[in-house]
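Now for the letters of each chain:
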Amino acid sequence: MMDRSSASAYVNAKASGMLTKSFVGTRASKLFSARSLPELWSLLFGTEVPSVPEVMLAQKIEQKALDNFIGQYQRLLDSYTYPDDVAVALLRFYDFDNLKQIGAALANREMQMPVLADIGKYSFLNYTRWPDIAAITKHTPLAWYNKVPEIADQQKLDNRLDLQYMRLVWSSVCELPSEEREPVENFILHDLSMKNIIWALRLKVYYGMKADSIIPQLAFADKGAGAADIFAGQAMKILDKDISAWSDWSDWRYADLLNPHEEGVVWTIDPRWIEQASRKKQNNEAMMKIHQYPLTAMVPVTWFRIKQNELDCIRTATEGLRLNVDVSQVMEFAGIGKLK
């Protein structure tokens, strides 16, 4: 094992090398040049295409892409004697996501364990104890999730998991060396805040919910802080805005993410547009900051986000081919093409 300084230099070089071979930045559009699932497999993996039905091949593409991403990230973490808490916390997203899938499977009385993301030694759940959910989570920060949920309770439990994950990531950022902390804090905090904003918009636009019904659905760092909360504050500031009044949004902090407005034409804010625009902007920011802050914790943090976005694009390309959707629409949905 190397000391932190040497490991940071090695990880910086390794991470940069991996990205040059990845479908990120300008190379992301290549994912959508494939005209079939077998062609996409060959493009991604360069190995013999499995002889399986199309639906199964789509699943295999998504699973192999996930396994490759996690494997690469684990190798970066393994370069450190003690990787930063935030770098490990990001990877543990998959423990939280796995537990959601386990809860859903057991709630539906499924006998077979769902296909899960394997994060190896960085996991704190004991998956070998399936289907005993209490044993899976025992002696972990998720030990409270100790019984099979009712189907009606799954959304509430998933929200609790999301909040706990957000707090885990945030607390881990605070453990960074002071000289590296601020840029990582700003990057992570913007991501957490946007998740609340987009969720609040979906509830407002798609479900017609009012502020008093949305607030309990938001993820707070400190509920007592109200509109000053670092996670939910920006989302709370939009709860009383009129979703059909451009004037309410034109001076919004994130007005650059809004779907276009044309004078005299009926306009309604579009959560889908904002989510795509936000994801594209954050990915561009990550691509810039990974080079702006070399040899720091920012490298694994931004690398993780960049590659997670690549994974989302792979999934979108896969589903587009499986469902035979027009490629321009698929690219638009992935945030690669121009939004219309």
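For clarity, every value in this text was computed on a predicted model and none was experimentally measured.

Criteria and thresholds
Residues numbered from 1 in each chain as written. Predicted model: local features only at pLDDT ≥ 70, side-chain atom pairs only at ≥ 80, totals over all residues. Heavy atoms only, no water. Core = buried A, V, L, I, M, F, W, Y, C linked by side-chain atoms within 4.5 Å. Buried < 20%, exposed > 50% of the residue type's maximum accessible area, 1.4 Å probe, protein only. Helix = DSSP H or I, 4+ residues; strand = E, 2+ residues; numbered from the N terminus. Phe/Tyr/Trp six-rings, centres within 6.5 Å; stacked < 30°, edge-to-face > 60°. Lys NZ or Arg CZ within 6 Å of the ring centre and 35° of its normal. Axes fitted to C-alpha atoms, helices over the stretch in contact; angles between N-to-C directions. Parallel < 35°, antiparallel > 145°, perpendicular 65-115°, else oblique. Left-handed = near helix turned anticlockwise from the far one by under 90°. Contact = heavy atoms within 4.5 Å. Arc of directions from axis to C-beta.

1. Overview of the nonpolar core
Right, so step 1: Core analysis: the biggest nonpolar cluster contains 81 residues, and Leu31, Ile61, Tyr73, Leu91, Tyr94, Ile188 and Trp303 have the highest contact counts within it.
Right, so step 2: Grouped together as the second largest cluster of nonpolar side chains are 25 residues, Leu203, Leu218, Trp249 and Trp252 included.

2. Here's the deal with the environment of Glu48
Right, so step 1: Here Glu48 lies in the loop between helix H2 (37-45) and helix H3 (54-78).
Right, so step 2: C-alpha of Glu48 to C-alpha of Pro38: the two residues are ten residues apart in sequence and 9.1 Å apart in space.

3. Considering the packing of aromatic side chains
Right, so step 1: Scanning the model with the defined rule gives 15 aromatic pairs in all.
Right, so step 2: Where Phe93 meets Tyr94, the ring centres are 4.9 Å apart and the plane angle is 85 degrees; that geometry is what we call edge-to-face.
Right, so step 3: Note that Arg160 overlies the ring of Trp144, its terminal NZ or CZ placed 3.7 Å from the centroid.
Right, so step 4: When the ring centre of Trp249 is taken as origin, the NZ or CZ atom of Lys241, which lies over that ring, is 5.5 Å away.

4. Notes on the packing of helix H1 (residues 4-20) against helix H13 (residues 298-323)
Right, so step 1: Here H1 crosses H13 at 15 degrees, and the two axes come no closer than 10 Å. In this view, H1 runs roughly parallel relative to H13, as classed from their interaxial angle. Pair H1 / H13 crosses with left-handed handedness. Residue-level contacts link Val11, Asn12, Ala15, Met18 and Leu19 of H1 to Val299, Trp303, Ile306 and Lys307 of H13.

5. Observations concerning H2
Right, so step 1: For H2, the full list of buried residues reads Leu37, Leu40, Trp41, Leu44 and Phe45. Viewed end-on, H2 has its buried residues packed into an arc of 105 degrees, placing them on one side of the element.

6. Some details on the side chain of Asn283
Right, so step 1: Checked against the element boundaries, Asn283 lands in helix H12 (residues 271-292).
Right, so step 2: For Asn283, a relative accessible area of 12% puts it in the buried group.
Right, so step 3: Not counting residues up to four positions away in its chain, the partners in contact with Asn283 are Arg305, Ile306 and Asn309.

7. A few points about unusual backbone geometry
Right, so step 1: Of note, the bond from Trp130 into Pro131 is cis; its omega dihedral lies within 30 degrees of zero at 5 degrees.
Right, so step 2: Of note, Pro131 is situated in the loop between helix H5 (93-107) and helix H6 (133-137).
Right, so step 3: With a phi angle near 60 degrees, His139 is a residue other than glycine that sits in the positive phi range.
Right, so step 4: Counting through the fold element by element, His139 comes out in the loop between H6 and helix H7 (154-173).
Right, so step 5: Its identity is not glycine, yet Leu295 carries a phi of approximately 60 degrees, on the positive side.
Right, so step 6: Turning to its location among the elements, Leu295 is positioned in the loop between H12 and H13.
Right, so step 7: For Leu295, a relative accessible area of 47% puts it in the partly exposed group.

8. Quick look at the environment of Asp242
Right, so step 1: Tracing the sequence through the fold places Asp242 in the loop between helix H10 (233-236) and helix H11 (246-249).
Right, so step 2: Residue Asp242 is classed as partly exposed on the basis of its relative accessible area of 40%.
Right, so step 3: Spatially, the C-alpha atoms of Asp242 and Lys204 are 9.5 Å apart, while their sequence positions differ by 38 residues.
Right, so step 4: Sequence-distant contacts of Asp242, defined by excluding residues within four places in its chain, comprise Asp248 and Trp249.

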